[in-house]
Amino acid sequence: MKFQISKEPINIQQVIDQVVQREAGAITTFIGTVREITHGKKTLYLVYEAYESMAVKRLEQIGKEIEERWKGADVAIVHRVGKLDITDVAVVIAVSTPHRADAYEANRYAIERIKEIVPIWKKEHWEDGQEWIGNQLETVAYSKGEPEAKHLDE
Amino acid sequence: MNKLLFFAHLKDEAGAETLSIDVSGKTIAELKTIVSEQHGLTKIDSVMTAINEEFAEDDDIIQQGDTIAFIPPVSGG
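About the thresholds
Residues numbered from 1 in each chain as written. Chains lettered and ligands numbered in written order. Predicted model: local features only at pLDDT ≥ 70, side-chain atom pairs only at ≥ 80, totals over all residues. Heavy atoms only, no water. UniProt positions renumbered as here; feature names shortened; annotations may be inferred. Helix = DSSP H or I, 4+ residues; strand = E, 2+ residues; numbered from the N terminus. Buried < 20%, exposed > 50% of the residue type's maximum accessible area, 1.4 Å probe, protein only. Core = buried A, V, L, I, M, F, W, Y, C linked by side-chain atoms within 4.5 Å. Contact = heavy atoms within 4.5 Å. Pairing = 2+ DSSP bridges. Axes fitted to C-alpha atoms, helices over the stretch in contact; angles between N-to-C directions.

If you look chain B up in an unreviewed UniProt entry, it shows as Molybdopterin synthase sulfur carrier subunit from Cytobacillus horneckiae. In its Sequence similarities (unreviewed entry) section, the UniProt record describing chain B reads: "Belongs to the MoaD family."

Chain A is annotated in an unreviewed UniProt entry as Molybdopterin synthase catalytic subunit from Cytobacillus horneckiae. For chain A, the Subunit (unreviewed entry) comment in UniProt is given as "Heterotetramer of 2 MoaD subunits and 2 MoaE subunits. Also stable as homodimer. The enzyme changes between these two forms during catalysis."

Structure below.
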């Protein structure tokens, strides 16, 4: 299972192990963690929710896109759902490629695509309230049916 | 029949995670008008939709048995 939504803490080594290949000269691992302070505001904890069946399909799509763009790449991605505390691991992406430059590039591509097309949402819980995070200005219309590069924030 | 799915703030606004409704033959744009009027969903124009787990366009036509998901801007990662 190289592309998963997980209700349990992510085993980072297991994600890495799935992209080990004899042809690879590099494996890059991205670990997304829950940050305490965002724009000066203190987060107590987050709750992630996913449209799980579609989210897995979109993660698989990202894996395919990477294998097409970077020759010999192998990809595994696991995203956590449920309640996460500060410093908890929300997402792990492992990419192996024959040469290191591709492994860094492809891994960066994966996290940016997750923020565009994978149906996962986080709800921030602060001391003074809570809010589902998305496009906080609520002004974005996705004319192409999915977000474009300009819609990305962080 | 069709199944509608709501996520994140839309789920809170609609007060439900799923709805069963027959909207076959209608477009996604027509369905958006229906749900925003009947379930008080605001700013639904900026929400993405998926038919059977694939992103859909406003002029796509809904078929019998399709599952339609309303997907607010995502915030994973």
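Caption draft 1: Representation of unusual backbone geometry within the structure. Of note, His39(A) is a non-glycine position whose phi angle comes to about 50 degrees, a positive value. Within the secondary structure layout, His39(A) lies in the loop between β3 (37–38) and β4 (41–50). The class of His39(A) is exposed, set by a relative accessible area of 73%. The phi torsion at Glu53(B) lies on the positive side, around 75 degrees, for a residue other than glycine.

Caption draft 2: Looking closely at the nonpolar core. Within the largest apolar cluster, 29 residues are counted, with the highest numbers of intra-cluster contacts made by Ile5(A), Ile62(A), Ile66(A), Ile77(A), Ile93(A), Ile114(A) and Val118(A). Counting only elements with at least two residues in this core, the list comes to β1 (3–6), β4, α2 (52–69), β5 (74–80), β7 (89–97) and α3 (100–117) of chain A. No other element matches the six residues that α3(A) contributes to this core. Sequence-distant contacts of Ile77(A), that is, excluding residues within four places in its chain, are made with Lys2(A), Phe3(A), Gln4(A), Leu59(A), Ile62(A), Val91(A), Val92(A), Ile93(A), Ala110(A) and Ile114(A). Of all hydrophobic cores here, the second largest spans 18 residues; its members include Ala14(B), Ile28(B), Ile34(B) and Phe70(B).

Caption draft 3: Just the sheet that holds strand β2 (residues 18–21) of chain B, in detail. Sheet architecture is open: five strands sit in the order β2-β1-β5-β3-β4 (chain B), paired in mixed fashion. Taken across any chain shown, the strands that pair with only one partner, and hence form the sheet edges, are β2 and β4 (54–56) of chain B. Within this sheet the neighbouring strands show an average axis-to-axis angle of 30 degrees, counted without direction. Note: strand β1 (residues 2–6) of chain B against strand β5 (residues 67–71) of chain B, four bridges, orientation parallel. Residue pairing for β5(B): Leu4(B) is matched across the bridge by Ile68(B). Where α2(A) meets the sheet, it contacts β3 (48–51), β4 and β5 of chain B, and its direction lies at approximately 100 degrees from that of β4(B). Contacts between helix α2 (residues 28–39) of chain B and the sheet are confined to β1, β2, β3, β4 and β5 of chain B, with β5(B) contributing the most and set at about 70 degrees to the helix.

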